Amino acid sequence: MKKIATIFLLSLAIISCGNGEDKSVEEVIEDGNLSEIRQKKSELSKEQSELSRKLDLLESAINDLDEDRGRPLVNIQKLEDTTFRHYAQVQGDVYTDENIVIYSETSGILNDVRVNEGQQVSKGQVLAVIDDGGLSSELARIETQLALAETTFERQERLWEQNIGSEMQYLEAKSNFEAMQNSASQIRTQLAKNTVRAPFSGVIDEIITEEGEVVNPGQSQLFRLVSLKNMFIEASVPENYLNQITEGSEVIVEIGSIGKQFTGEIQRVGNTINPNNRTFRIEVAIPNEDGLVRPNQIATVMINDYINEEAIIVPEHTVQQNSQGETLVYVWEPQEENKGLAKKVVVETGYVYQGKIEITEGLEPGDTIITDGSRNLRDGQEIQTSN
């Protein structure tokens, strides 16, 4: 019985203790007992202090035992010969030779528009018809007279060949026939102007004059017709590049608005220098198979003005300048495994392009430079690398 009583009392004690200390933070908060909440906070604060003390002891022991603790961690890269290309960048605009406004060639009412905006049309396709003001009837009358004049002339010609009739009758018939031919031809030419046709294949970008409006020759704009096939970029280049740029020079074109990049050649180089900004103009043809390139878009033209087939190039951020004005990089001198020394090397630099800089003196193929972590190094400092 004493053993049973002892076990029972111990169980009560454990349960009693569990009701306080073994409750989770969420359970204590849910109970809403302020004294228990404060007690729980005090207990956790003591545990936190004890953990912090133990962590400090461990950190101190690590610092005493780890020989590499004070070595800065860097990334390294082995150098080799590579082709380096430099491009000069200029801004240009996209154009097309086939971007025109179609004007009326005659007077009348635009009474039959046969296309819609955005419609693809073929060369010679009828776009609209302008009222002819009775010219068709006039042509029918002239053609009737022409047929009679032709018959009369042919008859007089046969008689003249048989030496029948006078020469004057023959010449009058011939003259009348030719005059009627000219009259009919002039009216047909005039009537042709009443039919508006596409001068080339393209897209009706805009219908400027609506059906039913009166139009006048050379004044009334009818349609804007655009072809997106023969596109080119026109850009102005500083005159100091004149000796480096010729027809056929390689260029890279970027059109940021559509996220496209093209490789092409200069197809035309201007022969004059603009006195206002000391530039000359170039043209670069660009493909447009998907039709995304549009006239008047802004383009960046990158002109290849320098090539080195055996260049030493390094990331631009690795090159530094000290207080003495020296340009320098740090190279890796290995010791053992991933440990080494940082060595300062004074260099001469060349062109810079897209985050890469050309090293013309100071480094050789096979050298290993420090790429990341070199900013705060000193000559001869012990370092380690992760790569």
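Right, let's walk through the structure included here. (Residues numbered from 1 in each chain as written. Predicted model: local features only at pLDDT ≥ 70, side-chain atom pairs only at ≥ 80, totals over all residues. Heavy atoms only, no water.)

Structural notes on the overall build of the protein
Here comes step 1: A count of helical and extended segments in the protein gives five helices and 22 strands.
Here comes step 2: Across its three principal axes, the protein shows a C-alpha extent of roughly 160 × 75 × 40 Å.
Here comes step 3: Each of the 387 residues in the protein was classed as buried or not, and the buried ones make up 33%.
Here comes step 4: For the protein, long-range pairs separated by at least 24 residues make up 71% of all intrachain contacts whose partners lie at least 6 apart in sequence. (Helix = DSSP H or I, 4+ residues; strand = E, 2+ residues; numbered from the N terminus. Buried < 20%, exposed > 50% of the residue type's maximum accessible area, 1.4 Å probe, protein only. Contact = heavy atoms within 4.5 Å.)

A look at the sheet that holds strand S5 (residues 120–121)
Here comes step 1: Read from one edge of the open sheet, four strands run S3-S10-S8-S5, paired in antiparallel fashion. The outermost strands of the open sheet, each flanked by one partner alone, are strand S3 (99–103) and S5.
Here comes step 2: One ladder, built from four bridges, connects strand S8 (residues 202–207) with strand S10 (residues 221–226); its direction is antiparallel. Across the sheet, the residue bridging to Ile204 is Leu225, located in S10. (Pairing = 2+ DSSP bridges.)

Concerning the pattern of salt bridges
Here comes step 1: Applying the stated criterion across every chain yields a total of 13 salt bridges.
Here comes step 2: A salt bridge links Arg85 to Glu250, with the shortest nitrogen-to-oxygen separation between them at 3.9 Å. With a gap of 165 residues between them, Arg85 in strand S2 (residues 82–96) and Glu250 in strand S12 (residues 250–255) connect regions that are remote in the sequence.
Here comes step 3: Taking relative accessible area as the criterion, Arg85 reaches 33% and is therefore assigned partly exposed.
Here comes step 4: Between Glu138 and Arg141 there is a salt bridge whose closest N-O contact spans 2.5 Å. Here Glu138 pairs with Arg141, and both are found in helix H4 (residues 135–161), just three residues apart, close to one helical turn.
Here comes step 5: Looking at Glu138, the relative accessible area reads 28%, which means it is partly exposed.
Here comes step 6: Residues joined by salt bridges that share partners form a network here, namely Lys23, Asp31 and Glu36. (Salt bridge = Lys/Arg side-chain N within 4 Å of Asp/Glu carboxyl O.)

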